[in-house]
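# Examination of the molecular architecture
The lines below spell out each chain.
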Amino acid sequence: MINKYTKDLTAKSAENSLPSELNELRKFYKESGIPTILDESLTELLLTLLVKNPENILELGTATGCSGTAMLLTLPNAKLTTIEKRQVSQDEAIKNFKKFGVYDRVTCVLGDSYETACSLIGEFDFIFLDCNKASYTRLLPVLKGLLKKGGVLFTDNVLFRGYVSGESEPPREYRALSRKIGEFNELLANDKELLTCFFDVGDGISISYKK
């Protein structure tokens, strides 16, 4: 379990690597109850991106565009294709992409993550999976097909509030979803095409390398 000391330091690292205006925007969304990637998970995401240095990134779950903006600010030469099913979220994301000067490197797609991913043509060297968690399992074979050999799949929320790992008992409304995420984790761990590590960071992340 990541302790408070390392958690605070990791969060501070994320804040220091991004413009203060973006940090304030992320804080505003969090306080408003709008889903936003946790600071520790964002730090790991940006670190993995810097190590991999991908040119073409696929993001499933645009939300307000904060993670997409952070990725593009971290990698000035990268391009992002990002999928969002809610029009209101996509509109907010486009506003933020323009605000931080990265919109010209973004392809925004409105639609269901699974259906849209199935229709994509081409390959990506980095995929960030952070959409509807119930779709993770059926998305996996599609994303493997879109991921280049040597590419990285970065997945958020794989421990889902500790429910998946058994640290806490999920309430009734989250039991089915917790089982589905657990099934996804098992698929990742047993996939012979992928080398995967799971990390107790934020809400749980996994990093998979396509052999």
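Before any of the text, the structure's been laid out above.
Residues numbered from 1 in each chain as written. Predicted model: local features only at pLDDT ≥ 70, side-chain atom pairs only at ≥ 80, totals over all residues. Heavy atoms only, no water.

Each helix and strand in the protein chain was counted, giving eight helices and seven strands. In terms of overall size, the protein chain behaves like a compact globule, its C-alpha atoms giving a radius of gyration of 16 Å where 211 residues would be expected to give roughly 17 Å. Across its three principal directions, the C-alpha atoms of the protein chain cover 40 × 40 × 35 Å. In the protein chain, buried positions account for 51% of the 211 residues. Look at the contacts in the protein chain between residues 6 or more apart in sequence, and 66% of them connect residues 24 or more apart. With an accessible surface of roughly 10600 Å², the protein chain has 51% of that area assigned to carbon and sulfur atoms. If you average the places of the 27 positive and of the 29 negative side-chain charges in the protein chain, the two averages end up 2 Å apart. (Helix = DSSP H or I, 4+ residues; strand = E, 2+ residues; numbered from the N terminus. Rg over C-alpha atoms; globule rule 2.2 N^0.38 Å. Buried < 20%, exposed > 50% of the residue type's maximum accessible area, 1.4 Å probe, protein only. Contact = heavy atoms within 4.5 Å. Areas by Shrake-Rupley, 256 points an atom, 1.4 Å probe, with all protein chains shown as cover. Lys, Arg positive; Asp, Glu negative; His and termini not counted. Charge placed at Lys NZ, Arg CZ, Asp CG, Glu CD.)

Counted at 1.5 Å a residue, the expected span for helix α2 (residues 20–31) with its twelve residues is 16 Å, and the 16 Å between its end C-alpha atoms agrees. Residues of α2 that are buried include every one of Leu-22, Asn-23, Leu-25, Arg-26 and Tyr-29, and no others. The arc that holds the buried residues of α2, viewed along the axis, is 160°, so those residues lie on one side. Opposite the packed face of α2, turned more than 90 degrees from it, sit the exposed residues Ser-20 and Glu-31. Phi for Gly-33, located one or two positions after α2, is positive at around 80°. (Expected span 1.5 Å × (residues − 1). Arc of directions from axis to C-beta.)

Counting buried positions along helix α4 (residues 66–74) gives eight out of nine residues, so the element sits mostly inside the fold. Taken residue by residue, α4 has Cys-66, Ser-67, Gly-68, Thr-69, Ala-70, Met-71, Leu-72 and Thr-74 as its buried positions.

As a further point, take the pairing of strand β5 (residues 147–156). Counting buried residues in β5 gives eight out of ten residues, a clear majority hidden from the surface. Sheet analysis places strand β4 (residues 124–129) next to β5, joined by five bridges and oriented parallel. Across the sheet, Phe-128 pairs through a bridge with Phe-154, a residue of β5. Inspection of the sheet shows β5 paired to strand β7 (residues 205–210) by five bridges, in the antiparallel sense. Note on β7: the bridge partner recorded for Val-152 is Tyr-209. (Pairing = 2+ DSSP bridges.)

Let us now look at a positive patch on the surface. A cluster of basic side chains, namely Arg-172, Arg-175, Arg-179 and Lys-180, defines a positive patch on the protein surface. Position of Arg-172 relative to the elements: it lies in helix α8 (residues 172–190). Classification of Arg-172 as exposed rests on a relative accessible area of 66%. (Patch = residues over 30% accessible without salt bridge, like charges linked within 9 Å, V, L, I, M, F, W, Y side chains within 5 Å. Salt bridge = Lys/Arg side-chain N within 4 Å of Asp/Glu carboxyl O.)

Read these as geometric descriptors, not functional statements.
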